[in-house]
Amino acid sequence: LALRKRSQLGKLAPMPVYQINVNGQPREVDAPAEMPLLWVLRDLLNLTGTKYGCGIGECRACTIHINGSATYACRVAVSSVGAGQIVTIEGLDPEFKEPLVAAWEAEDVPQCGYCQPGQIMSAAALLSRTPRPTDAEIDNAMSVNLCRCGTYNRIRRAIHRAAEGA
């Protein structure tokens, strides 16, 4: 967690309080303005489904949705969220989550599993805007999410399976 800065008088300066909406619930957090949303979610709100991978937005393990768009929580400062609607893997709509999780299991996608919450969040964002994506659309949407185990072909099959409702 970030440390509070000391004022000129040597007292701890108060941290700003942010009102954010997470998984449909208004939440209040005391955090430095520059604190990444990833740490707010994990450390302050105990929503640990969003994973820390690289901290620089390259691996996308920390993918969440803000106003329906896939966003990388490690790259978003809590002060920039404003009235945005944040959805984590814990709060993902069952309409998307359940078919995706079932398809992930049916296609044996998870290996180590670490990237899977971010992968599923990216897949859900894709399916919400493109209910029947082509291979090219899947590859384009999912290419930013890294999987160290290399299950990209299984991920593509799982997204097709979820889109078909199978």
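Residues numbered from 1 in each chain as written. Predicted model: local features only at pLDDT ≥ 70, side-chain atom pairs only at ≥ 80, totals over all residues. Heavy atoms only, no water.

Draft legend 1. Here's a closer look at the overall build of the protein chain. Helix and strand counts for the protein chain come out as 5 helices and 5 strands. Reading the secondary structure of the protein chain in the N-to-C direction produces β-β-α-β-β-β-α-α-α-α. Taking the principal axes of its C-alpha atoms as reference, the protein chain extends roughly 60 × 30 × 25 Å. Split into buried and exposed, the 166 residues of the protein chain put 41% on the buried side. When the accessible area of the protein chain is evaluated, it comes to approximately 8,900 Å², of which 50% is carbon and sulfur surface. Averaging the coordinates of the 17 positive side-chain charges in the protein chain and doing the same for the 16 negative ones gives two points 8 Å apart. (Helix = DSSP H or I, 4+ residues; strand = E, 2+ residues; numbered from the N terminus. Buried < 20%, exposed > 50% of the residue type's maximum accessible area, 1.4 Å probe, protein only. Areas by Shrake-Rupley, 256 points an atom, 1.4 Å probe, with all protein chains shown as cover. Lys, Arg positive; Asp, Glu negative; His and termini not counted. Charge placed at Lys NZ, Arg CZ, Asp CG, Glu CD.)

Draft legend 2. Spatial organisation of helix H5 (residues 152–164). Taking 1.5 Å of rise per residue, the 13 residues of H5 would be expected to cover 18 Å, and the 18 Å separating its terminal C-alpha atoms lies within 8% of that figure. Looking at the buried side of H5, the elements it contacts are helix H2 (94–106), helix H3 (116–129) and helix H4 (135–142). Positioned one or two residues after H5, glycine 165 has a phi angle of 80°, which is positive. (Expected span 1.5 Å × (residues − 1). Contact = heavy atoms within 4.5 Å.)

Draft legend 3. A look at the packing of aromatic side chains. Scanning the model with the defined rule gives 1 aromatic pair in all. Plain terms: the ring middles of tryptophan 39 and tyrosine 52 are 5.2 Å apart, the flat faces sit at 35° to each other, and that makes the pair tilted. Taken together, the residues tryptophan 39 in helix H1 (residues 37–44) and tyrosine 52 in the loop between H1 and strand E3 (63–66) connect sequence positions 13 residues apart. For tryptophan 39, a relative accessible area of 27% puts it in the partly exposed group. With a relative accessible area of 36%, tyrosine 52 lands in the partly exposed category. The ring of tyrosine 72 is capped by arginine 60, whose NZ or CZ atom sits 4.1 Å from the centre of that ring. (Phe/Tyr/Trp six-rings, centres within 6.5 Å; stacked < 30°, edge-to-face > 60°. Lys NZ or Arg CZ within 6 Å of the ring centre and 35° of its normal.)

Draft legend 4. Highlighting H3. Spanning 14 residues, H3 covers 20 Å between terminal C-alpha atoms, matching the ideal 20 Å at 1.5 Å per step. Here H3 lies mainly inside the structure; 12 of its 14 residues are buried. Here H3 has its buried residues at Gln116, Pro117, Gly118, Gln119, Ile120, Met121, Ser122, Ala123, Ala124, Ala125, Leu126 and Leu127.

Draft legend 5. Quick look at the state of the cysteines. Per the stated rule, a full pass over the model turns up 0 disulfides. Looking at the unpaired cysteine 54, the closest cysteine sulfur is the one in cysteine 59, lying at 3.8 Å. Owing to a relative accessible area of 26%, cysteine 54 belongs among the partly exposed residues under this scheme. Take cysteine 149: it sits in no disulfide, and the sulfur closest to it among the cysteines is that of cysteine 112, at 3.8 Å. Owing to a relative accessible area of 37%, cysteine 149 belongs among the partly exposed residues under this scheme. (Disulfide = S-S within 2.5 Å.)

Draft legend 6. Local environment of the side chain of threonine 50. Mapped onto the fold, threonine 50 is located in the loop between H1 and E3. The class of threonine 50 is buried, set by a relative accessible area of 2%. Threonine 50 has contacts with Leu38, Leu41, Arg42, Cys62, Ile64, Ala73, Thr88, Ile89 and Glu90, leaving out every residue within four places of it along the chain.

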